[in-house]
Amino acid sequence: MTAKLIDGKQISQHIIEQVALRVAARRDRGKAAPGLAVIRVGEDAASRIYVRNKLKACERSGVNSYSHEVPASTSQSDLVALINRLNSDPAVDGILVQLPLPGHIDGDAVTDRIDPSKDVDGFHPYNIGRLMLGLAGLRPCTPRGVMTLLQCSGIEIDGQDAVILGRSNIVGRPMALELLHAGATITVCHSRTRELPEKVANADLIVAALGKPRFVQGSWVKTGAIVIDVGINRLDDGSLVGDVDFEAARQRAAWITPVPGGVGPMTVASLLENTLQAAENRDPDAS
Ligand code: NDP
């Protein structure tokens, strides 16, 4: 079996076009374009690329973007003061603080200060709580993007046995909740998990989010499984690979995401969807 590719690049472009149409329709109704404020602290090279991609996607979809680049030496209180200003700025519907933050800044405390109605990353405890309860809210972008990929590929989740590798607050944990709500039976693996290859081998759906290059071996993948690779790892030769041994896994899987061009672009597309959603929720006529 050779797996069908789940083309995140193409699907994300479709999502961004849909957002652009909805933004244009908003403007036709006399409403402002949604506004996204992006804060980058310090000079992390990968963050610079991620932020640039997010700002480009805003431009493509007609979302206004406000970029705030602050030095690595910024204090916690100065960063919080910036967030407070953005919280009360009516032109800003969404606030994103690009991770990672420098070591002297408490990321959880920063997330806590973002107005939950503007928390387009979906990391605020209020939004995570709503996700936990299965209520509507701003959902973490990467798991939301994975759910969109599955949906757009016509993949049925209900009743599937899903194994999620990784339990981080931004990917693994919310991913598990999304799949649980969609009717999957979930197993969440992490660094303390025993007999991990056996658990993977039983999965109908594998989501790998560990940050370990080519960790999931092809021989672990059940024939006909769906393989979603969230990992982004840069090798010494500069190339990007996922957490799955793609070439080997694609020989057994039914569906697989490539890296790059799989989940990565979907994270950006979901961010735009969240920003539009935040703007719509804040409309005075929203119910
Ligand atoms: P974290 O480092 O926060 O979490 C990694 C998780 O993997 C942890 O739960 C850890 O377990 C687990 N883990 C690490 N090593 C092993 C192991 N040997 N066996 C089993 N479990 C292990 O990473 P993130 O969740 O932030 O990101 C994961 C990957 O996804 C990275 O490659 C990152 O770059 C990528 N990413 C991609 C995005 C995209 O848009 N495509 C967005 C965000 C992230 P424990 O909790 O026990 O330590």
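Now for a description of the structure that goes with this document. (Residues numbered from 1 in each chain as written. Predicted model: local features only at pLDDT ≥ 70, side-chain atom pairs only at ≥ 80, totals over all residues. Heavy atoms only, no water.)

### Examining the nonpolar core
Cut-off, in case you're wondering: Residues grouped as a nonpolar core are buried Ala, Val, Leu, Ile, Met, Phe, Trp, Tyr and Cys residues, joined through side-chain atoms within 4.5 Å. Burial classes follow relative accessibility: with a 1.4 Å probe on protein chains only, a residue under 20% of its type's maximum area counts as buried, one over 50% as exposed, and anything between as partly exposed. For helices the rule is a DSSP run of H or I covering at least 4 residues; for strands it is a run of E covering at least 2, with both sets numbered from the N terminus onward. Contacts are assigned to residue pairs with any non-hydrogen atoms lying within 4.5 Å of each other.
Counting residues in hydrophobic clusters, the biggest one holds 47 residues, and the most contacted among them are Leu-36, Leu-150, Leu-179, Ile-228 and Val-230. By residue number, the principal contributor to this core is helix H10 (residues 263-281), which donates eight residues. Not counting chain neighbours up to four residues away, the residues in contact with Leu-150 comprise Ile-155, Ile-157, Leu-179, Leu-205, Ile-226 and Ile-228. Residues Val-163, Trp-220, Val-227 and Val-244 belong to the second largest nonpolar core, which totals 19 residues.

### Quick look at the pattern of salt bridges
Keep this limit in mind: Just to be clear on terms, a salt bridge is a Lys or Arg side-chain nitrogen sitting within 4 Å of an Asp or Glu carboxyl oxygen.
Applying the stated criterion across every chain yields a total of 11 salt bridges. With a shortest N-O distance of 3.8 Å, Arg-40 and Glu-43 are connected by a salt bridge. Judged by relative accessible area, which is 3%, Arg-40 ranks as buried. One salt bridge connects Glu-69 with Arg-40, and the closest N-O pair in it is separated by 3.1 Å. In this pair, Glu-69 sits in strand S3 (residues 64-70) while Arg-40 sits in strand S2 (residues 35-41), placing the two residues 29 residues apart along the sequence. Given a relative accessible area of 52%, Glu-69 falls into the exposed group. Connected via shared salt-bridge partners are Arg-40, Glu-43, Arg-48 and Glu-69.

### Notes on the site of the ligand
Selection criterion: Any residue with at least one heavy atom within 4 Å of a molecule or strand is counted as near it. Two N or O atoms form a polar contact when they lie within 3.5 Å of each other; inside protein one atom must be a possible hydrogen donor and the other a possible acceptor, and for residues adjacent in sequence the pair counts only when both atoms belong to side chains. Put simply, Ala, Val, Leu, Ile, Met, Phe, Trp, Tyr, Cys and Pro go in the nonpolar bin, Asp, Glu, Lys and Arg in the charged bin, and everything else, Gly too, in the polar bin.
By nearness alone, 21 residues border the ligand, and Arg-167, Ser-168, His-190, Ser-191 and Thr-267 come closest of all. Here Ser-168 contributes a side-chain N or O atom positioned 2.5 Å from an oxygen atom of the ligand. Top contributing element to the shell around the ligand by residue count: H10, with three residues. Its residues assigned to classes, the shell around the ligand comprises nine nonpolar, 10 polar and two charged.

### Some thoughts on the pairing of strand S7 (residues 205-208)
Put simply, the rule reads: In this analysis, strands are considered paired if DSSP registers two or more bridges between them.
Judged by which residues are buried, S7 turns out to be covered on both faces: Leu-205 and Val-207 on one side and Ile-206 and Ala-208 on the other are all buried. Strand direction decides the pairing type here: strand S5 (residues 161-165) and S7, joined by four bridges, are parallel. Note that in S7 the partner of Ile-164 across the bridge is Val-207. Direction of pairing for S7 relative to strand S8 (residues 226-229): parallel, over a ladder of four bridges. Considered in S8, the bridge of Ala-208 is made with Asp-229.

### Focus on helix H7 (residues 172-181)
Of all 10 residues making up H7, seven are buried, and the element is well covered by its neighbours. Within H7, burial applies to Gly-172, Pro-174, Met-175, Ala-176, Leu-177, Glu-178 and Leu-179. Buried residues belonging to H7 abut helix H5 (125-133), helix H6 (141-152), S5, strand S6 (185-189) and S7. Gly-183 occupies a position one or two residues after H7 and carries a positive phi of about 100°.

### What about the state of the cysteines?
Selection criterion: The term disulfide is used for any two cysteine sulfur atoms that are within 2.5 Å.
Taken as a whole, this structure holds zero disulfides when the rule is applied. Cys-141 takes part in no disulfide bond, and the closest cysteine sulfur to it belongs to Cys-58, at a distance of 11 Å.

### Here's the deal with the pairing of S5
Looking down a regular strand, the side chains alternate between one sheet face and the other. Quick reminder of the rule: When the strands point away from the viewer, a crossover counts as right-handed if the route from the first strand across the helix to the second turns clockwise.
Most of S5 is tucked away: four of the five residues are buried. Of the strand pairs in this sheet, S5 and S6 are connected by five bridges, and their pairing is parallel. Along S6, the bridge assignment pairs Val-163 with Thr-187. Chirality of the crossover, the property in question, places the unit of S5, H7 and S6 among those that are right-handed.

### Some thoughts on a nonpolar patch on the surface
How we decide: Think of a patch as exposed residues, more than 30% relative accessible area, with no salt bridge, where like charges cluster within 9 Å and nonpolar side chains (Val, Leu, Ile, Met, Phe, Trp, Tyr) cluster within 5 Å. Calculation of accessible area relied on Shrake-Rupley with a 1.4 Å probe; when residues are assessed, cover is drawn exclusively from the protein chains displayed.
On the surface, Ile-49, Tyr-50 and Ile-232 cluster together into a nonpolar patch covering about 240 Å² of accessible area. Here Tyr-50 lies in helix H2 (residues 45-61). Overall, Tyr-50 belongs to the partly exposed group, its relative accessible area being 34%.

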